[in-house]
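# Residue-level structure breakdown
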Amino acid sequence: MPQQLFTADQVLPGPAGERIRDGAVLFQDGTLLLVGPRADVEHLVSPTAERHDFPGGTILPGLINCHVHLVFDACGDPARAAADATHADLVDRADRLLCSGVTTVRDLGDRDGLAIQFRNQRPRGPRIVASGPPITIPDGHCWFLGGTADGEAELRARVRHNAELGADVIKVMASGGQITPNSPKMWDNQFTTAELTAIVDEASKAGLPVAAHAHGTDAIAAAADAGVATIEHCTWLRDGGGGYDLRDDVAAKIAERRIFACVAWPSDWRGFMNRLGTARADLVGSRFEWMAEHGIRMIPGTDAGAGSSGFDDYAGALQLYEYLGFDRADIIEMATTLSAEALGLGNITGQLAPGLAADILVVEGDPLRDLANLGRLRRVVAKGQTTSMTTA
Ligand SMILES: [Zn+2]
């Protein structure tokens, strides 16, 4: 493949605060070669390079969606969707993520390693970080994905099994959830701290991080004590239900241990908040502020596939953070540089720098002025492969 040169009004290479006006990016065969001012890059370009100028545009790193389920279909019956999921379904969902600017996804729960197989079979499309079947208790949250285990020996065996399947991360359902009939409540723990610690220990022997699904404050505390890498949802529900239990000591521990929180709200977060009602939505929103005040690093995801969360409009999902008062430059950093660090991909993607993967977005206008510009895509490049977009 010849070298590819992209130029635009600005390049936001990451992290927040970095901005190159009248910038350029040069890449070849999936790898970034040069990133800098156009005038500097231009005279180092091969004469055979393909050149694409994007006046009025911004070049930035491809976005990372840290929580999706490629085997679910966003139609409300995840057990059926997972049972019926085909390779073609996964192609469609991965392509939709790609066309919303997502060049890396973390799949946090498939059936029997389907997303892992898909990752192995399909070099095109977004980079996939996959967990395989989430570890859960018999009849527990998402038991139908095939990851049940009872007691420490079985839990350790399950971790080894997922590692052998080719998992990049171990997912554990530390609390109950919403989508499995006759399973523990969202605020109930599914595992003890000792069991979660055994999972983290066994995963670390395989060189894998652990992502813990935790809605209840008790489950969040147990996951933090066990030393997981990321806490999914992180809802802070009070034991027994009926409101929230924002424990400062637990939040401080999460921040101190540099554990990331992935709250994973859908692109249609406005509809979600409307259903909650204004008072409750404000309360829910204030949890984000409280976590940020404690120094908890948050990474975005959408839980795409679960509930009614679709695979499109990642830019819309990121606008939640703007609504909650986050700075636009910080939001872009959360969805790129910070997410890459959280997923252990900081030396592969999440920034535009020589030697990193050519995961590149070109968008209309300036997303630092209007975050919706992240959805006005002109090009998406994932691992050096370009998808041209037509914007409305
Ligand atoms: Zn999920």
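Residues numbered from 1 in each chain as written. Predicted model: local features only at pLDDT ≥ 70, side-chain atom pairs only at ≥ 80, totals over all residues. Heavy atoms only, no water.

### Considerations on the nonpolar core
Within the largest apolar cluster, 112 residues are counted, with the highest numbers of intra-cluster contacts made by Ile199, Ile231, Trp236, Ile254, Phe288 and Met291. Counting contributing residues, this core receives three or more from each of domain 1 (4-61 + 347-388) and domain 2 (63-312). With 15 residues, the next largest nonpolar core counts Ile20, Val25, Phe54 and Ile360 among its residues. (Core = buried A, V, L, I, M, F, W, Y, C linked by side-chain atoms within 4.5 Å. Buried < 20%, exposed > 50% of the residue type's maximum accessible area, 1.4 Å probe, protein only. Domains from an automatic or database assignment.)

### With respect to the packing of helix 11 (residues 314-323) against helix 12 (residues 328-342)
Running from amino to carboxyl end, helix 11 crosses helix 12 at an angle of 135°, the nearest separation of the two axes being 10 Å. Relative to helix 12, the element helix 11 lies oblique. For helix 11 against helix 12, the interelement crossing comes out right-handed. Residue-level contacts link Leu318, Tyr321 and Glu322 of helix 11 to Arg328, Ile331, Met334 and Ala335 of helix 12. The residue makeup of the contact of helix 11 with helix 12, split by class, is five nonpolar, no polar and two charged. (Axes fitted to C-alpha atoms, helices over the stretch in contact; angles between N-to-C directions. Helix = DSSP H or I, 4+ residues; strand = E, 2+ residues; numbered from the N terminus. Parallel < 35°, antiparallel > 145°, perpendicular 65-115°, else oblique. Left-handed = near helix turned anticlockwise from the far one by under 90°. Contact = heavy atoms within 4.5 Å. Nonpolar A, V, L, I, M, F, W, Y, C, P; charged D, E, K, R; others polar.)

### Details of the coordination of the zinc ion
Ligation of the zinc ion by protein atoms is provided by His67 (NE2), His69 (NE2) and Asp303 (OD), these donors lying 2.1 to 2.2 Å from the ion. Written as a sequence motif, the donor arrangement for the zinc ion is H-x1-H-x233-D. Highlighted residues: His67 in strand 5 (residues 63-68) and Asp303 in the loop between strand 12 (297-298) and helix 11, separated in sequence by 236 residues. Residues His67 and Asp303 agree in their burial class; the two are buried. (Donors = N, O, S within 2.8 Å, 3.2 Å for Na, K, Ca; no water.)

### Description of the pattern of salt bridges
Enumeration over the complete set of coordinates arrives at 25 salt bridges. Between Arg106 and Glu232 there is a salt bridge whose closest N-O contact spans 2.8 Å. Here the residue Arg106 occupies a position in strand 6 (residues 102-107), and Glu232 occupies one in strand 10 (residues 230-237), the gap between them amounting to 126 residues. Across the pair, exposure class does not vary: Arg106 and Glu232 are buried alike. Here the salt bridges share partners, and the residues they tie into one network are Glu152, Arg156, Arg160, Asp201, Glu202 and Lys205. (Salt bridge = Lys/Arg side-chain N within 4 Å of Asp/Glu carboxyl O.)

### Section: the environment of Phe27
Position of Phe27 among the secondary structure elements: in strand 2 (residues 20-28). Put simply, Phe27 and Tyr314 are 287 residues apart on the chain and 25 Å apart in space, counted from C-alpha to C-alpha.

### Considering the sheet that holds strand 13 (residues 360-364)
Hydrogen bonds between backbone groups are what pair the strands of a sheet, and the pairing can be parallel or antiparallel. Pairing in this open sheet of seven strands is mixed, and the strands run 3-2-1-4-13-14-15 from one edge to the other. Of all strands in the sheet, those bounded by a partner on one side alone are strand 3 (31-37) and strand 15 (385-388). Direction aside, neighbouring strands of the sheet carry axes that sit 30° apart on average. Relative to strand 3, strand 2 is paired through six bridges, and the arrangement is antiparallel. By the bridge assignment, Leu26 is partnered in strand 3 with Leu34. (Pairing = 2+ DSSP bridges.)

### Some points on the UniProt feature "domain: Amidohydrolase-related" (unreviewed entry) in the chain
When the UniProt feature table is mapped to this numbering, "domain: Amidohydrolase-related" (unreviewed entry) covers residues 58-385. In residues 58-385, the share of helix is 37% and the share of strand is 17%. The end C-alpha atoms are 18 Å apart. (UniProt positions renumbered as here; feature names shortened; annotations may be inferred.)

### Details of the layout of surface pockets
Size it by volume and the largest pocket reaches roughly 860 Å³. Every residue lining the largest pocket is counted, 38 residues in all, and those nearest its centre are Gln178, Met186, His215, Phe272 and Asp303. Those elements that provide at least two residues to the lining of the largest pocket are strand 8 (170-173), strand 9 (210-216), strand 10, helix 9 (269-276) and helix 10 (278-293). The residue inventory of the lining of the largest pocket, partitioned by class, reads 16 nonpolar, 16 polar and six charged. Here the second largest pocket defines a volume of roughly 160 Å³. Taken together, 13 residues line the second largest pocket, and the ones lying closest to its centre are Val129, Asp168, Val169, Leu343 and Leu345. Per-element accounting of the lining of the second largest pocket gives the leading share, three residues, to strand 7 (residues 127-130). (1 Å grid on protein atoms, 1.4 Å probe; cavity = no way out; pocket = protein on both sides within 12 Å on 5 of 7 lines; lining within 4 Å. Points joined across faces, edges and corners; volume = space filled by probe spheres on them.)

### Some details on empty space enclosed by the protein
Considering all chains together, one arrives at one cavity of 30 Å³ or more under this definition. Along its surface, the largest cavity is lined by Leu98, Arg124, Gly125, Ala382, Gln385, Thr386 and Thr387. With three residues, the top contributor of residues to the lining of the largest cavity is strand 15. Two domains each donate at least three residues to the lining of the largest cavity, and these are domain 1 (4-61 + 347-388) and domain 2 (63-312).

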